[in-house]
Amino acid sequence: MVGMTFGEKMFQICNYVGMTLLMLLMMYPFWYMIMGSISDSTLAASGGFFLIPKGFSLEAYKAVLGNVSLMSGFRVTLISTVAGVAIGTFFTATTAYAISKKRLRGRMVFSFLILFTMLFNGGLIPTYLLIKSLGMMDTYWALILPNAIGAWNIFVMLSFFRGIPEELEEAARIDGANDLTIFFRIVLPLSNAVIATISLFIAVYYWNDFFSSVIYINSKDMWQLQAVLRDLINNTNAALESSGVNVSYQRNISVFTVKMAAIIVASVPILVVYPFLQKHFVKGALIGSLKG
């Protein structure tokens, strides 16, 4: 703050204080869940603030991790997320790349049709009937394909591709490269940032998706993690009993601590992945939104 006027120093101080308070306000709910999940069940039942745990117990995590339905939900969500990211990112990139080329006939029509889906859609009932008529009910395809490609992701990647110098592609084409070679060997290696951004968008969507399980899946064994988590939170005692946790053991835990532990367990995978993609995420989001 050397060389600043008194007003500028006060402005900086207010900025730091305001951002610190905002950060604490945003972090406290997650901290509250962590402290609540490791608190003693009898002490946690009293509620209140959880700046530090009230007692200490990991029984809630043992109950959650021992829940067969939750582990099944992890498996289904992991498979649908990995497959959805692979399929969604690939087709989003190929669609955006094709539309970014002025030589593509009818590209304005294609762009309009994609934009149209951002404003209007067929509705829940027609979508359900389509999935049913295709024979995808109670399968992984019902969880993956309907949400694989999003119009917003296509336009973000389209903006990025438009910023790549055409001279690179022209030089490669002079050397004999075709469109597929140019796309896979030149364009994609230059697009790591926006690909990481779109992949993270898609992964978060699939990881947090529970609506697809409720609509398209009848068997609880095929429920995604968020649907299982919803069932566990809404009816904790029944969910524990159905997973084999006996009543005498339930006396050592409480509904509150189990709910907190379940939310933490479901949130950890995305929180672990995000730091590795943060650098690419910020760069890709800025470039994709500003260029074009």
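Residues numbered from 1 in each chain as written. Predicted model: local features only at pLDDT ≥ 70, side-chain atom pairs only at ≥ 80, totals over all residues. Heavy atoms only, no water.

Going by an unreviewed UniProt entry, the protein chain carries the name ABC transporter permease and comes from Paenibacillus athensensis. Per UniProt, the protein chain carries the Subcellular location (unreviewed entry) text "Cell membrane". Checking UniProt for the protein chain, the heading Sequence similarities (unreviewed entry) contains the comment "Belongs to the binding-protein-dependent transport system permease family." (UniProt positions renumbered as here; feature names shortened; annotations may be inferred.)

S.K.: Could you give an account of the side chain of Glu169, with specific residues and numbers?
M.R.: When you line up the elements, Glu169 lands in helix 9 (residues 166–174). For Glu169, a relative accessible area of 5% gives the class buried. Of the polar contacts made by the side chain of Glu169, one reaches the side chain of Lys101; its length is 2.8 Å. If near-sequence neighbours (up to four positions away) are discounted, Glu169 is found in contact with Tyr97, Lys101, Ile182 and Val187. (Helix = DSSP H or I, 4+ residues; strand = E, 2+ residues; numbered from the N terminus. Buried < 20%, exposed > 50% of the residue type's maximum accessible area, 1.4 Å probe, protein only. Polar contact = N/O pair within 3.5 Å; in protein donor to acceptor, adjacent residues only side chain to side chain. Contact = heavy atoms within 4.5 Å.)

S.K.: How would you sum up the pattern of salt bridges? Please name residues and give values.
M.R.: Two side chains carrying opposite charge are able to pair once their charged atoms lie near each other. Enumeration according to the criterion identifies three salt bridges in this entry. For Arg103, the salt bridge is made with Asp179, and the minimal N-O distance between the two is 2.9 Å. A residue pair is termed long-range when its members are at least 10 positions apart, and Arg103 in the loop between helix 4 (68–99) and helix 5 (107–119) and Asp179 in helix 10 (residues 179–187) qualify at 76 residues. A relative accessible area of 40% means that Asp179 is categorised as partly exposed. (Salt bridge = Lys/Arg side-chain N within 4 Å of Asp/Glu carboxyl O.)

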